[in-house]
Amino acid sequence: MKFFNTVLLNKNNLINNIKVIKNKAKNKKICAMVKANAYNHNLKFVVLNLKNYVNFFGVVNSVEALKVRELTHINKILLCGAYKKDELKELILNNVSLTIFSLTQLKEILKLCKELNFKANVHIKINTGMNRYGVKDKSYLLKLLNFIKNNKDYINLEGIFSHFFNNENENLCKNQYIKFLNYVNVIKNFMNKNSLNFSKVLIHIENSGGLFYSRDILNCCNMVRVGISLYGLENYCFKLKPVLSLKSKIVAIQKVKFDDYVGYGKTLIQNEKKVGIIPIGYADGILKRYKDCFVKVEGKFCKILNVCMDCILVDISNTKAKTDSEVEIISSNPKDLNSANYLSKYQNTISYEIVTGLNYNRLNIKEI
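Rules behind the numbers
- Residues numbered from 1 in each chain as written.
- Predicted model: local features only at pLDDT ≥ 70, side-chain atom pairs only at ≥ 80, totals over all residues.
- Heavy atoms only, no water.
- Buried < 20%, exposed > 50% of the residue type's maximum accessible area, 1.4 Å probe, protein only.
- Helix = DSSP H or I, 4+ residues; strand = E, 2+ residues; numbered from the N terminus.
- Polar contact = N/O pair within 3.5 Å; in protein donor to acceptor, adjacent residues only side chain to side chain.
- Salt bridge = Lys/Arg side-chain N within 4 Å of Asp/Glu carboxyl O.
- Core = buried A, V, L, I, M, F, W, Y, C linked by side-chain atoms within 4.5 Å.
- Contact = heavy atoms within 4.5 Å.
- Pairing = 2+ DSSP bridges.
- Axes fitted to C-alpha atoms, helices over the stretch in contact; angles between N-to-C directions.

Trainee: Tell me about helix H3 (residues 43–50), residues and numbers included.
Mentor: For H3, the buried fraction is high: six of the eight residues fall into the buried class. Burial in H3 covers these residues: Leu43, Phe45, Val46, Val47, Asn49 and Leu50. The N-cap residue of H3 is Asn42: its side-chain oxygen and the backbone nitrogen of Lys44 are 3.1 Å apart.

Trainee: Can you explain the pattern of salt bridges? Please cite residues and give values.
Mentor: Opposite charge on two side chains makes pairing possible when the charged atoms of those side chains draw close. In this structure the tally under the stated criterion is nine salt bridges. As a salt-bridge pair, Asp310 and Arg362 come within 2.7 Å of each other at their nearest N and O atoms. Note that Asp310 is positioned in the loop between strand E14 (300–307) and strand E15 (312–315) and Arg362 in the loop between helix H11 (351–356) and strand E17 (364–367), a separation of 52 residues in sequence. Residue class for Asp310 comes out partly exposed when judged on its relative accessible area of 38%. Three or more residues joined by partner-sharing salt bridges are found here, namely Lys28, Glu206 and Asp216.

Trainee: Please provide a residue-by-residue account of the nonpolar core, values included.
Mentor: Among the nonpolar cores identified, the biggest contains 115 residues, and Val34, Ile109, Ile312 and Ile329 are the most heavily contacted of them. At 10 residues, the largest contribution of residues to this core is made by helix H8 (residues 170–193). If we skip the residues at most four places from it in the chain, Ile312 touches Gly276, Ile277, Ile278, Ile280, Ile286, Val295, Ile304, Asn306, Val307 and Ile329.

Trainee: Can you break down the side chain of Asn338 residue by residue, with the values?
Mentor: With respect to the helices, strands and loops of the structure, Asn338 is situated in the loop between strand E16 (326–330) and helix H10 (340–346). Reaching out from Asn338, the side chain makes a polar contact with the backbone oxygen of Glu328 at a distance of 2.9 Å. The contact partners of Asn338, leaving out residues within four places of it in the chain, are Phe294, Val295, Lys296, Phe301, Glu328, Ile329, Ile330, Ser331 and Leu343.

Trainee: Explain the sheet that holds E15 to me, using residue names and the numbers behind them.
Mentor: Pairing within the open sheet is mixed, and its nine strands lie in the order E11-E12-E15-E14-E13-E16-E10-E1-E17. With partners counted over all chains shown, the strands left at the sheet margins are strand E11 (252–256) and E17, one partner each. For this sheet, the mean inter-axis angle between neighbouring strands, taken without regard to orientation, is 35 degrees. For strand E13 (residues 294–297) and E16, the ladder comprises two bridges, and the chain directions are antiparallel. By the bridge assignment for E16, Val297 is matched with Val327.

Honestly, that's just the spatial picture; any functional story needs more than this.
This is the structure we're talking about:
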């Protein structure tokens, strides 16, 4: 089925961004975060184009992990979120690295690995202040380490990680980093004491902001997990380019007079306008709060007067637009008033929400 509205995914911009990231990361391994349909940039498109540039793909659930494994057998996969007990067998057999933060998880993994005669890779999540998942007690961490040591034929400690929760705040990041480093040293000392090879353990706390704001102050990390910067969103670096744009077209035009209403509610027109009707609305991910934001028509920025479920009403009075004229809803130019970054500022949110909110079931997807 074809729709009026099309998401355009720019391969060259995606490749540009990973090259910028690799240059910034220097010799560190790269884990490309592709959770939530690659931040709604199409999982398949992103994985196939990045698999020769990255070491890991990061996901948050089992469905995503197994989809990535179908697309590539040359990359590692890190499942950063939770997983169900009955999903473990398939994850282990597909060589998905598992996040762990409890003895219960390790016991379940060990039981299956013994049954399968298989060895699982795990990454210990450290809670340094975000308070989602993770270990925040050193004595409990030592219990995990002892369990792994005693079952090293079946469980391999592949990595240790945490997550910055406020990249912009240097002091908060520094405090988290110091906490993380203390836990890293506990693991390092434990492994050295028990003649285990710590040098192969992956250490990662940096996300996109952590990387571009240089939060790895002592350079202790050997891998970075990048998400939003891959897709050219957030202003971390002027060399990064947005990968996604969204286009539609005008399907009808209305001439409205003073004191006419447009759309639902009490949106009253103060003077005569030419209003373009574009067939995209909050069912497609263009939420009601897009009202008073801008789209681009015929090269000019035009204000959204109202948002309905299946259409938006746009003031096109200062254009020569007609039916079938192209409308750019989201721009891939970060300087445009309708770029994801600008739209997020108008709506008091973040660019992640702009792109992940798009409803792909009602949109065409086109790679360019």
